[in-house]
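Overview (structure and organization)
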Amino acid sequence: MKKHLFYLSLLIVAIFLSSCGKGKKSVFTPTSIGRAYEILVVIDQDVWERPAGRALFDVLDSDVPGLPQSERSFRIMYTSPSNYDSTLKLIRNIIIAEINKDMYTQPKFKSAQNVYAAPQSILTIQAPDEATFAEFVTKNKQLIIDYFTHAEMNRQISVLENKHSDYVATKVKSMFDCDVWVPGELTSTKQGEDFFWAGTNAATGDQNFLIYSYPYTDKDTFTKEYFVHKRDSVLKVNIPGAREGMYMMTDSLMTDVRPISVQGEYALEARGLWRVKGDFMGGPFVSHVRLDRTNQRIIVSEIFIYSPDKLKRNLVRQMEASLYTLKLPSSRQVEVTIPTIVINTDSTNNK
């Protein structure tokens, strides 16, 4: 019996080492450590303190767009390669700086998932010298930010897949023929004409999700001006304030739009600030404007936060992940359980 147990132990160890060596998630892969949007930078201390390291720090320390106050994109930690031990290798987000003129002739990225733990994202930045490294990370600032932001959102989507509001999902399905996952904490709801809202008044902040639709009749639908006008008209009717004349409206000067891809299809992302006309209430929002080709209508899904005097970065990003789970009727047959929003960083970015 002891001999059998000994061989069984050897087999388990062999499988564990094999799975770790391939960098794939398995039942033997340990769970990653660290908080959401926390990054460990592995870099020589002297390089970290010189312009090359400062350039990377400035990228990670940049403000999150669309928030009413300054909040940096990530919480930054660093360690030297000599101190990069087995415990630190379990951190969920890691950047490794490799600067070596004998090994590299040009800068490039190399990405990896679940190498030492799961879920985990590791981005290696390679360059022949410090000046090239600094220029490369500055040029690819948004790429670096998106890589880790999207990884964290995918982790939140994985959570939502197993733990979401069945009531909201059922309601959205019956009203819009769409599928969506939102946190189960959103228990307060309101229904209007082609409009649905769900929210919560949690101690950490008021998180909200809304969805509405209207016919697609104007080629200028996917513009900032059209979006702001339509959003204000819909919310004036459906989210009025405490007194007559008060309603939620868009701060157009603090709103930016950009085209994005959601489940392989075009969408307009709007990100900015909302406020209540005639009151001091306000906060950040993120909207996705998408075309439902099957029904020739526009579907707008949105999250917004009301959390005065508190940090809002994580609240926004947690809720924003729900927007990527929205499946239109036309995408029902697409075999996508969790929308993929991870970018490709396996080769040099020459943009």
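Residues numbered from 1 in each chain as written. Predicted model: local features only at pLDDT ≥ 70, side-chain atom pairs only at ≥ 80, totals over all residues. Heavy atoms only, no water.

A look at the nonpolar core
Counting residues in hydrophobic clusters, the biggest one holds 37 residues, and the most contacted among them are V41, L56, L60, I95, I125 and I144. The element best represented in this core is helix 5 (residues 141-162), accounting for eight residues. Excluding anything up to four places from it in sequence, I125 contacts L56, I95, I96, A97, E98, K108, F109, F133, F136, V137 and I144. If you look at the next biggest cluster of nonpolar residues, it comprises 24 residues, including W197, V234, F285 and V289. (Core = buried A, V, L, I, M, F, W, Y, C linked by side-chain atoms within 4.5 Å. Buried < 20%, exposed > 50% of the residue type's maximum accessible area, 1.4 Å probe, protein only. Helix = DSSP H or I, 4+ residues; strand = E, 2+ residues; numbered from the N terminus. Contact = heavy atoms within 4.5 Å.)

What to know about the sheet that holds strand 11 (residues 282-292)
Taking strand neighbours across the sheet as the criterion, the seven strands line up as 6-7-8-12-11-10-9 in an open arrangement whose pairing is antiparallel. Here the strands that pair on one side only, and so sit at the sheet edges, are strand 6 (188-192) and strand 9 (248-262). Ignoring strand direction, the axes of neighbouring strands in this sheet form an average angle of 15°. Pairing between strand 11 and strand 12 (residues 297-306): eight bridges, direction antiparallel. (Pairing = 2+ DSSP bridges. Axes fitted to C-alpha atoms, helices over the stretch in contact; angles between N-to-C directions.)

Considering the packing of helix 3 (residues 51-60) against helix 4 (residues 130-139)
Here helix 3 crosses helix 4 at 10°, and the two axes come no closer than 8 Å. As judged from the angle between their axes, helix 3 and helix 4 are roughly parallel. In contact with P51, A52, A55, L56 and V59 of helix 3, helix 4 contributes E130, F133, A134, V137 and T138. (Parallel < 35°, antiparallel > 145°, perpendicular 65-115°, else oblique.)

A look at the sheet that holds strand 5 (residues 121-127)
Strand order across the open sheet formed by five strands is 2-1-3-5-4, with mixed pairing between neighbours. Single-partner strands in this sheet number two, and they are strand 2 (75-79) and strand 4 (108-113). Neighbour-to-neighbour, the strand axes of this sheet turn through a mean angle of 20°, independent of strand direction. Both strand 4 and strand 5 contribute to a ladder of six bridges, which runs antiparallel.

A word on the packing of helix 5 against helix 8 (residues 313-323)
Relative to each other, helix 5 and helix 8 sit at 70°, their axes nearing to 9 Å. Taken as axis vectors, helix 5 and helix 8 run roughly perpendicular relative to one another. Taken as a pair, helix 5 and helix 8 cross one another with a handedness that is right-handed. Along the contact surface, helix 5 presents T149, M153, Q156, I157 and L160, while helix 8 presents R317, Q318, E320, A321 and S322. For the contact of helix 5 with helix 8, the residue count by class is four nonpolar, four polar and two charged. (Left-handed = near helix turned anticlockwise from the far one by under 90°. Nonpolar A, V, L, I, M, F, W, Y, C, P; charged D, E, K, R; others polar.)

Points about the pattern of salt bridges
The final tally for this structure, using the stated rule, is 15 salt bridges. Taking the shortest distance from any N to any O, the salt bridge between R92 and E152 comes out at 2.7 Å. Taken together, the residues R92 in the loop between strand 2 and strand 3 (93-99) and E152 in helix 5 connect sequence positions 60 residues apart. Here R92 and E152 have matching classes, each one buried. Three or more residues are tied together by salt bridges with common partners; here these are R258, E269, R271 and E320. (Salt bridge = Lys/Arg side-chain N within 4 Å of Asp/Glu carboxyl O.)

Remarks on the confidence of the model for the protein
Here the protein averages 87 in pLDDT, and 86% of its residues register 70 or above. Residue range residues 1-24 is modelled with pLDDT below 50. Its contacts to residues more than four positions away, or to other chains, number 13 contacts. Note that residues 335-351 has pLDDT below 50 and, in this model, 42 contacts with residues that lie over four places away or in other chains. (pLDDT = per-residue confidence, 0-100.)

Quick notes on the packing of aromatic side chains
Within this structure, the stated rule accounts for 13 aromatic pairs. With a centroid separation of 5.3 Å and 85° between ring planes, the pair formed by F222 and Y266 is classed as edge-to-face. In this pair, F222 sits in the loop between strand 8 (205-215) and helix 7 (224-238) while Y266 sits in strand 10 (residues 265-276), placing the two residues 44 residues apart along the sequence. Over the ring of Y37 we find R317; its NZ or CZ atom is 4.3 Å from the centre of that ring. (Phe/Tyr/Trp six-rings, centres within 6.5 Å; stacked < 30°, edge-to-face > 60°. Lys NZ or Arg CZ within 6 Å of the ring centre and 35° of its normal.)

Quick word on the environment of K171
As for its placement among the helices and strands, K171 is situated in helix 6 (residues 166-176). Measuring from C-alpha to C-alpha, the distance between K171 and F196 comes to 8.3 Å, with 25 residues separating the pair along the chain. Look past the residues within four positions of K171 in its chain and what remains in contact with it is Q191 and F196.

Thoughts on the side chain of T325
Mapping T325 onto the fold places it in the segment after helix 8. Residue classification places T325 among the buried residues on the basis of a relative accessible area of 5%. Reaching out from T325, the side chain makes a polar contact with the backbone nitrogen of W181 at a distance of 3.0 Å. (Polar contact = N/O pair within 3.5 Å; in protein donor to acceptor, adjacent residues only side chain to side chain.)

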